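What follows is the residue order along each chain.
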2 protein chains.
Amino acid sequence: MTPVVMKFGGTSVATIGKMQKAARFIRQAVDDNTPVIAVVSAMAGETNRLAELVRSVSSVFDAREYDNVLATGENVTSALLALILQTMGVSARSWQGWQVPVRTSSVHGAARILDIERDRLDARFADGMEVAVIAGFQGVSSDGRITTLGRGGSDLTAVAFAAAFDRARCMIYTDVDGVFTADPRVVKTARKLEHISYEEMLELASLGSKVLQTRSVELAMRHRVPVHVLSSYTGQPGTYVTDEETHMETRTISGIAHSRDEAKVTLQSVADRPGIAALIFTALANHDINVDMIVQNIAEDKRTDITFSCPVEDIAKARSAIELLQGRGDLNVAGLLCDESVCKVSVVGIGMRTQSGIAAKMFAALGREGINIKVISTSEIKISVLVDRKYMELAVRTLHEEFGLHQK
Amino acid sequence: MTPVVMKFGGTSVATIGKMQKAARFIRQAVDDNTPVIAVVSAMAGETNRLAELVRSVSSVFDAREYDNVLATGENVTSALLALILQTMGVSARSWQGWQVPVRTSSVHGAARILDIERDRLDARFADGMEVAVIAGFQGVSSDGRITTLGRGGSDLTAVAFAAAFDRARCMIYTDVDGVFTADPRVVKTARKLEHISYEEMLELASLGSKVLQTRSVELAMRHRVPVHVLSSYTGQPGTYVTDEETHMETRTISGIAHSRDEAKVTLQSVADRPGIAALIFTALANHDINVDMIVQNIAEDKRTDITFSCPVEDIAKARSAIELLQGRGDLNVAGLLCDESVCKVSVVGIGMRTQSGIAAKMFAALGREGINIKVISTSEIKISVLVDRKYMELAVRTLHEEFGLHQK
């Protein structure tokens, strides 16, 4: 019988009381004779506490040992949740990544899941185990070291288990009610979406909507795993993330995403010849700068401007990375403009593919409110703009209304 | 090359600062070109915190999950110590029990070490690893579950590694300077012993001297592992625990041990026939009562008195275990006397085997101070008495002086 995967994040297992609530959701599935694979994060705050311990040793450290320390957080939660289920009369046991095993690459701190062996779990389910409580966020490398998958990695664990177990239903319990047309804290009339496509969810996840980790959405899309986001407080039906074909709702725009703390860097009058862009963005990548949008317009007189955006916290690193290039004489930039007071606002919707005029409508609405657009970047199903941070809420609300998202 | 085993207990790794101190002791050995197997406990207080988390779920719990939670404490310390060593330029990595592997029985919470495979460690030492930092107190069962060895289990881990690695020297860093002729808090003139035999250490360990865990001394004795107890504060030479043949010091008595919170239970006028004692002590064992001394004197009129001692905290369980037997009519006890205000004082020394008169000397000294002896029990190398708890310090000091232990 195909199990169901239920994932509980850090806030959903923050206390024994909250774990008991999670256990009741699990028992409902068990009572319906469905085997459950429960995936858990560390108790809220625990991962930060452990990371702080490592950082108090040294700012530069062996990522393998860091992973060893961090993985203990999920070990504790998985065992505690198994114990709670047992007190409810449910046959449950905990599984650490290496016990399953969840095989990953050796890139510690950001490992990729290569394979989940299902034999041991299958055997135990056949023996009467009702719930396998999996320590999320972790795996084991080919040389037997413990790895972690990076922040939000428990979502990835959950989707990977669902993919490995016959595309099982993957229920992500979180501290929000589902996916909304915009952040309800910004837009009072934001509506919960009943369905959203993988593609749209992917754009929303990478655009700063923190409901699901980006890589987990990619994985779900690749394996066509049906994901269901729901509230760990109310257990209310949340949002289904599925193939666009599986839902009939027709709409052009699904939601308005935003990301507050962005910075914009412009390299003025860069030589317009092959290899220059590669030079710049290789240097930025080597300094671990999380570059998001990249915009380059047509050249004039063999010179061009290149603009990119990144999180505000990366701006000092970005500046020094570029100044280092300047110093080496490889790059001859006339000026370096940094703007640390921008935000990103995006319109996302699968219907954009077939409807024209969305961009025009978006820009006109912003213009009417006097919001100046600094940078524009588009993909097949989204349009993003950078605007002054002070206009963020106004921009999101204006676009939410403009595209009629408050209406059913 | 034979490595050295260095074990650091919870107080010796309680903070990053203390771990750095431990790391400096390790580096000294590395600088002498000796490979090091460092065994660590959880940071002081951490095991209790984790156990409390489990108990907050339920007072009755699956010991496998309990072990899973508890073992995380040592995982964290082993990784942090490895990181600290790396910052000092030492090539170190952490090893969890299952990674070595340390194979144990499946008795969770009190597992026995069955085997330590040394191939992986050997290979890494050959590759240039200078220090293997082992998470103590844990292992892995034949079905791949994490086990723990019970309180003080890191001592056992250390001795077991020393045994597996060619009887390596086993250095136990602790918060005392070594083994003393008596508890220095009770007897100001107590002296540190330079040497002590396994047999004596075993009696001292089981008699309440908390320097080394009892099972670890047994294991060291069985495998003839040279154990060296020393201070993690000063690094000063402490006490060597070795074969009696390997040290030349001749003395009759090595030390005076005591155990404060004992209780004495007397079953009056029990039928003196075969099987009665077995009936009583099987019942006590089934109730997990930690019976220590057992005394039975000759019978009169086919009736006899049986006295045993146990920790004060077990007295209520002991009483109800015996009353249950009474109720079933198997036992016909005239009276049940419980005395919860006794303590145990013991004289320990390997020289006792060949010298007579030790007991007489002991009893006379106590008598001179007006200390009434309630129960006597002897083994080949120790004599223990129960006396009123209020006399404990006086009894220990009197005997320490009587046997000349304050003198070199």
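Residues numbered from 1 in each chain as written. Chains lettered and ligands numbered in written order. Predicted model: local features only at pLDDT ≥ 70, side-chain atom pairs only at ≥ 80, totals over all residues. Heavy atoms only, no water.

Trainee: What's the story with the overall build of chain A in this structure? I'm lost.
Mentor: Within chain A one finds 11 helices and 18 strands. Structurally, chain A occupies a C-alpha span of about 75 × 50 × 30 Å along its principal axes. Relative to its 408 residues, chain A shows a buried fraction of 56%. Considering only contacts within chain A whose residues lie at least 6 apart along the sequence, 74% involve residues at least 24 apart. (Helix = DSSP H or I, 4+ residues; strand = E, 2+ residues; numbered from the N terminus. Buried < 20%, exposed > 50% of the residue type's maximum accessible area, 1.4 Å probe, protein only. Contact = heavy atoms within 4.5 Å.)

Trainee: For this particular structure, what's the right way to read the interface of chain A and chain B?
Mentor: Reports of interface size often rely on the accessible area that becomes lost once the parts have come together. Chain A puts 36 residues into the contact, and the matching count from chain B is 36 residues. For the chain A and chain B pair, buried surface summed over both sides reaches about 2900 Å², with 63% attributable to carbon and sulfur atoms. A salt bridge links arginine 49 of chain A to glutamate 46 of chain B, with the shortest nitrogen-to-oxygen separation between them at 3.7 Å. Connecting chain A to chain B are 10 residue pairs in polar contact (both at pLDDT 80 or more). If one sorts the elements of the side of chain A that touches chain B by residue count, helix α3 (residues 63-87) of chain A sits on top with 14 residues. Residues belonging to the side of chain A that touches chain B are distributed by class as follows: 18 nonpolar, 12 polar and 6 charged. (Buried area = accessible area lost by both parts, 1.4 Å probe. Salt bridge = Lys/Arg side-chain N within 4 Å of Asp/Glu carboxyl O. Polar contact = N/O pair within 3.5 Å; in protein donor to acceptor, adjacent residues only side chain to side chain. Nonpolar A, V, L, I, M, F, W, Y, C, P; charged D, E, K, R; others polar.)

Trainee: Would you take a moment to explain the relation of the copies chain A and chain B for this structure?
Mentor: Applying a rotation about an axis and a shift along it to one chain copy brings it onto the other copy. Placing chain A over chain B gives an RMSD of 0.3 Å and needs a rotation angle of 179°, together with 0.0 Å of translation along the axis. Seen this way, the second copy is the image of the first under a two-fold rotation axis. Within chain A, threonine 72 of chain A has its C-alpha nearest the rotation axis, a separation of 2.8 Å. Counting the interface residues of chain A, we find that 100% of their copies in chain B are interface residues as well, pointing to one common contact surface. (Least-squares fit on C-alpha atoms with pLDDT ≥ 70 in both.)

Trainee: Honestly, empty space enclosed by the protein in this entry has me stumped. Any pointers?
Mentor: The probe, sized like a water molecule, is rolled over the atoms to show the empty space still left. One pass over the full model with this rule turns up 4 cavities of 30 Å³ or more. Together, Glu46, Arg49, Leu50, Thr72, Gly73 and Val76 of chain A together with Glu46, Arg49, Leu50, Thr72, Gly73 and Val76 of chain B line the largest cavity. Secondary structure elements with two or more residues in the lining of the largest cavity: α2 (46-57) and α3 of chain A together with α2 (46-57) and α3 (63-87) of chain B. Its residues placed into classes, the lining of the largest cavity shows 4 nonpolar, 4 polar and 4 charged. Of the voids in this model, the second largest cavity is the one considered here, and its volume is about 40 Å³. In terms of lining, the second largest cavity is formed by Arg64, Asn68, Arg145 and Ile146 of chain A together with Arg93, Ser94, Gln96 and Gln99 of chain B. (1 Å grid on protein atoms, 1.4 Å probe; cavity = no way out; pocket = protein on both sides within 12 Å on 5 of 7 lines; lining within 4 Å. Points joined across faces, edges and corners; volume = space filled by probe spheres on them.)

Trainee: Hey, could you run me through the packing of helix α8 (residues 276-286) of chain A against helix α9 (residues 315-327) of chain A in this one?
Mentor: The description of two helices packed together rests on the angle between their axes and the distance between the axes. All names here are of chain A. Contact geometry of α8 with α9 gives a least axis separation of 9 Å together with a crossing angle of 130°. If you check the angle between α8 and α9, you find them oblique. Relative to α9, the crossing made by α8 is right-handed. On α9, the residues touching Leu279, Ile280, Ala283 and Leu284 of α8 are Ala318, Ala321, Ile322 and Leu325. For the contact of α8 with α9, a count of residues per class yields 8 nonpolar, no polar and no charged. (Axes fitted to C-alpha atoms, helices over the stretch in contact; angles between N-to-C directions. Parallel < 35°, antiparallel > 145°, perpendicular 65-115°, else oblique. Left-handed = near helix turned anticlockwise from the far one by under 90°.)

Trainee: So what exactly am I meant to see when it comes to the confidence of the model for chain A here?
Mentor: The predicted coordinates should not be examined in detail at positions where pLDDT is low. Put simply, chain A has an average pLDDT of 90, and 97% of its residues get 70 or more. ipTM for the predicted complex: 0.76, alongside a pTM of 0.81. (pLDDT = per-residue confidence, 0-100.)

Trainee: Please clarify how the sheet that holds strand β12 (residues 239-242) of chain B should be interpreted in this entry.
Mentor: Residues and elements named next belong to chain B. Taken together, the 8 strands give an open sheet; going across it, the order is β3-β6-β2-β1-β9-β11-β12-β10, and neighbouring strands pair in mixed fashion. Two strands lie at the open edges of the sheet, namely β3 (92-95) and β10 (195-197), each paired on one side alone. Each neighbouring strand pair of the sheet contributes to a mean axis angle of 20°, computed without reference to strand direction. In this sheet, strand β6 (residues 131-135) lies alongside strand β2 (residues 36-40) in parallel orientation, the contact comprising 5 bridges. In the strand pairing of β6, alanine 38 is matched with valine 133. (Pairing = 2+ DSSP bridges.)

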